[in-house]
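So the chains spell out like this:
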Amino acid sequence: MIEKVVTLDNISLIDFLGVENKTIDTLSAAFPKTRIVSRGNQILLKGSTEEILQVDDILNSLKDHYHKYGRVTEENVQAIIDQEHELQLPEGQQLNADDVIVYGTKGTPVKAKSVNQQKLVQQVRDNDLVFALGPAGTGKTYISVALAVRALKNKQVRKIIITRPAVEAGENLGFLPGDLKEKIDPYLRPIYDSLNDMIPYEKLGYYMEREIIEIAPLAYMRGRTLNNAFILLDEAQNTTPMQMKMFLTRMGPESKMIVTGDLTQIDLPSRQSSGLREAARILKDVKGIGFVELNEKDVVRHRLVRDIVEAYGKEGS
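Residues numbered from 1 in each chain as written. Predicted model: local features only at pLDDT ≥ 70, side-chain atom pairs only at ≥ 80, totals over all residues. Heavy atoms only, no water.

## As for the overall build of the protein chain
Here is step 1 of the chain: A tally of helices and strands in the protein chain yields 12 helices and 11 strands.
Here is step 2 of the chain: Out of the 317 residues in the protein chain, the part that is buried amounts to 48%.
Here is step 3 of the chain: Of all intrachain contacts in the protein chain linking residues separated by at least 6 positions in sequence, the fraction that spans at least 24 positions is 70%.
Here is step 4 of the chain: For the protein chain, the accessible area works out to roughly 16,800 Å², and carbon and sulfur atoms hold 48% of it. (Helix = DSSP H or I, 4+ residues; strand = E, 2+ residues; numbered from the N terminus. Buried < 20%, exposed > 50% of the residue type's maximum accessible area, 1.4 Å probe, protein only. Contact = heavy atoms within 4.5 Å. Areas by Shrake-Rupley, 256 points an atom, 1.4 Å probe, with all protein chains shown as cover.)

Structural data, given as structure tokens:
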């Protein structure tokens, strides 16, 4: 049994808790094994670690809803409880390709939207190492982040590690201020944006402060063994063969890895071969490693992005 205190700062208690603490009553009915008590602007939780984390996630979502709409209704509480329960699969049951992966902070379901995105979900379910190859906008990174967040929420892993190589098109990181992590942080912005879509702001800050979620340059992976973690290597086309081998051999027990990249956007020096291209060739027949190739049909950004990717593909062929 553990205890946790959730503080309701800058929140009208009557608009959040409802008449006669209806919000607390609804939560207590959904989690009868957890003690949930309201005292002033604090909510006290006592129960199992798993249920406390679920209730905490629900309260964070309700706080986000309150700050956006100014009040929380019984229907809002029940809807968010239902979303949380929907993500908890019965023991032994696995995620299907067309299931909701996670619900975003605004309640929007995140799920595979194309055939190849569904293949990515299946491959991650069935393999501990998966390569997802395809052009920009195909959702390979977004779906991968969602799968990592789901695994963390469901206690399948203890942490998420997201990394990428420090190589960028037409830019010299050496001229930028700060250490290596500070130099590359702006290039990791898409990862932060994805996480912000799926994890409430306060919760994400908590995870990152305690390194439950770690976002770092690839160079920081050297010498480590990554146990009980969901690890994502993004922009892997810009790894060298040595860096790719280094990364893949960091994998420890109870871990999953997804490697994403676009072999049409390699920013390495012209004489340097891509570690992603080499790994795809060397590992293509290794049992337990999955491969998914996405294309312009999987693009989920603005409708023009699909046409742009297709047009560039024809130009290069």
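What follows picks up the thread again.
## A look at the sheet that holds strand β3 (residues 42-47)
Here is step 1 of the chain: Judged by pairing direction, the sheet is antiparallel, and its 3 strands sit side by side in the order β1-β3-β2 without closing on themselves. Whereas interior strands pair on both sides, the edge strands pair on one side only; in this sheet they are β1 (2-7) and β2 (35-39). Taken pair by pair, the neighbouring strands of this sheet meet at an average axis angle of 15°, ignoring direction. (Pairing = 2+ DSSP bridges. Axes fitted to C-alpha atoms, helices over the stretch in contact; angles between N-to-C directions.)

## Focus: the pattern of salt bridges
Here is step 1 of the chain: All chains considered together, the criterion is met by 10 salt bridges.
Here is step 2 of the chain: Residue Arg125 is joined to Asp126 by a salt bridge in which the shortest nitrogen-to-oxygen separation is 3.1 Å.
Here is step 3 of the chain: Given a relative accessible area of 26%, Arg125 falls into the partly exposed group.
Here is step 4 of the chain: Residue class for Asp126 comes out partly exposed when judged on its relative accessible area of 49%.
Here is step 5 of the chain: Here Arg164 makes a salt bridge to Glu235, at a shortest N to O gap of 3.5 Å. (Salt bridge = Lys/Arg side-chain N within 4 Å of Asp/Glu carboxyl O.)

## Examining the nonpolar core
Here is step 1 of the chain: One finds Leu195 and Ile213 to be the most contacted residues of the largest nonpolar core, which totals 35 residues.
Here is step 2 of the chain: Here the element with the most residues in this core is helix α6 (residues 140-153); it accounts for 8 residues.
Here is step 3 of the chain: The contacts of Leu195, once residues within four sequence positions are left out, are Val145, Val149, Ile162, Leu204, Ile213 and Ile215.
Here is step 4 of the chain: Among the nonpolar cores identified, the runner-up in size contains 22 residues, and Phe131, Leu218, Leu276 and Ile289 belong to it. (Core = buried A, V, L, I, M, F, W, Y, C linked by side-chain atoms within 4.5 Å.)

## Some thoughts on unusual backbone geometry
Here is step 1 of the chain: A positive phi angle, close to 60°, is found at Lys155, a residue other than glycine.
Here is step 2 of the chain: Here Lys155 is to be found in the loop between α6 and β7 (159-164).

## Quick notes on the sheet that holds β7
Here is step 1 of the chain: On the basis of which strands lie adjacent, the open sheet formed by 6 strands has the order β8-β7-β9-β10-β6-β11 and parallel pairing. Looking at strand neighbours, the two that pair on one side only are β8 (213-217) and β11 (289-293), the edges of this open sheet. Neighbour to neighbour, the strand axes of the sheet diverge by 15° on average, direction disregarded.
Here is step 2 of the chain: Pairing of strand β6 (residues 129-133) with strand β10 (residues 256-261), which is carried by 5 bridges, proceeds in the parallel orientation. The residue bridging Phe131 from the neighbouring strand is Val259, located in β10.
Here is step 3 of the chain: Sheet strands touched by helix α5 (residues 115-126): β6, β9 (229-233), β10 and β11. Its angle to β11, the strand with the most contacts, is close to 175°.
Here is step 4 of the chain: Taken strand by strand, helix α10 (residues 241-248) contacts β6, β7, β9 and β10, and its axis lies near 155° from that of β10.

## Description of helix α8 (residues 189-198)
Here is step 1 of the chain: Every buried residue belonging to α8 is among Ile191, Tyr192, Ser194, Leu195 and Met198, and all of these are buried. An end-on view of α8 places all buried positions within 160° of arc, on one side of the element. (Arc of directions from axis to C-beta.)

## Re the confidence of the model for the protein chain
Here is step 1 of the chain: Confidence in the prediction of the protein chain, expressed as mean pLDDT, is 84, and 87% of residues score 70 or more.
Here is step 2 of the chain: Per-element averaging of pLDDT across the protein chain places helix α7 (residues 180-184) at the bottom with 58 and β6 at the top with 97.
Here is step 3 of the chain: Of the regions scoring below 50 in pLDDT, residues 89-93 engages in 3 contacts with residues more than four places distant in sequence or in other chains.
Here is step 4 of the chain: pLDDT under 50 marks residues 169-173. Its contacts with residues more than four places away, or in other chains, come to 6 contacts. (pLDDT = per-residue confidence, 0-100.)

## Quick look at the packing of α10 against helix α11 (residues 275-283)
Here is step 1 of the chain: Between α10 and α11, the least distance of the axes is 8 Å, while the angle of their chain directions is 60°. The angle between the axes of α10 and α11 places the two elements in the oblique class. Here α10 runs over α11; the crossing is right-handed. Residues Pro241, Met244 and Leu248 of α10 form the contact with α11, whose own contacting residues are Gly275, Leu276, Glu278, Ala279 and Leu283.
Here is step 2 of the chain: A class-by-class count of the residues in the contact of α10 with α11 yields 6 nonpolar, 1 polar and 1 charged. (Parallel < 35°, antiparallel > 145°, perpendicular 65-115°, else oblique. Left-handed = near helix turned anticlockwise from the far one by under 90°. Nonpolar A, V, L, I, M, F, W, Y, C, P; charged D, E, K, R; others polar.)

## Comments concerning the side chain of Glu214
Here is step 1 of the chain: Counting through the fold element by element, Glu214 comes out in strand β8.
Here is step 2 of the chain: Within the structure, the side chain of Glu214 is placed 3.3 Å from the side chain of Lys159, a separation counted as a polar contact.
Here is step 3 of the chain: Discounting residues that sit within four places of it in the chain, Glu214 has contacts with Lys159, Ile160, Ile161, Ile162, Met221 and Arg224. (Polar contact = N/O pair within 3.5 Å; in protein donor to acceptor, adjacent residues only side chain to side chain.)

## Points about the packing of aromatic side chains
Aromatic rings considered in pairs are described by the distance between their centres and by the relative angle of their planes.
Here is step 1 of the chain: This structure, assessed with the given rule, holds 3 aromatic pairs.
Here is step 2 of the chain: Taken together, a centroid distance of 6.3 Å and an interplanar angle of 75° make the contact between Phe16 and Tyr66 edge-to-face. Here Phe16, found in helix α1 (residues 13-17), pairs with Tyr66, found in helix α3 (residues 49-69); they are 50 residues apart in sequence, far enough to count as distant.
Here is step 3 of the chain: With a centroid separation of 4.9 Å and 10° between ring planes, the pair formed by Phe131 and Phe291 is classed as stacked. Of this pair, Phe131 sits in strand β6 while Phe291 sits in strand β11; the two residues are 160 residues apart in sequence, bridging distant segments of the chain.
Here is step 4 of the chain: Here Phe131 falls in the buried class, since its relative accessible area comes to 0%.
Here is step 5 of the chain: A cation over a ring is seen here: Lys4 above Tyr206, with NZ or CZ 5.7 Å from the ring centre. (Phe/Tyr/Trp six-rings, centres within 6.5 Å; stacked < 30°, edge-to-face > 60°. Lys NZ or Arg CZ within 6 Å of the ring centre and 35° of its normal.)

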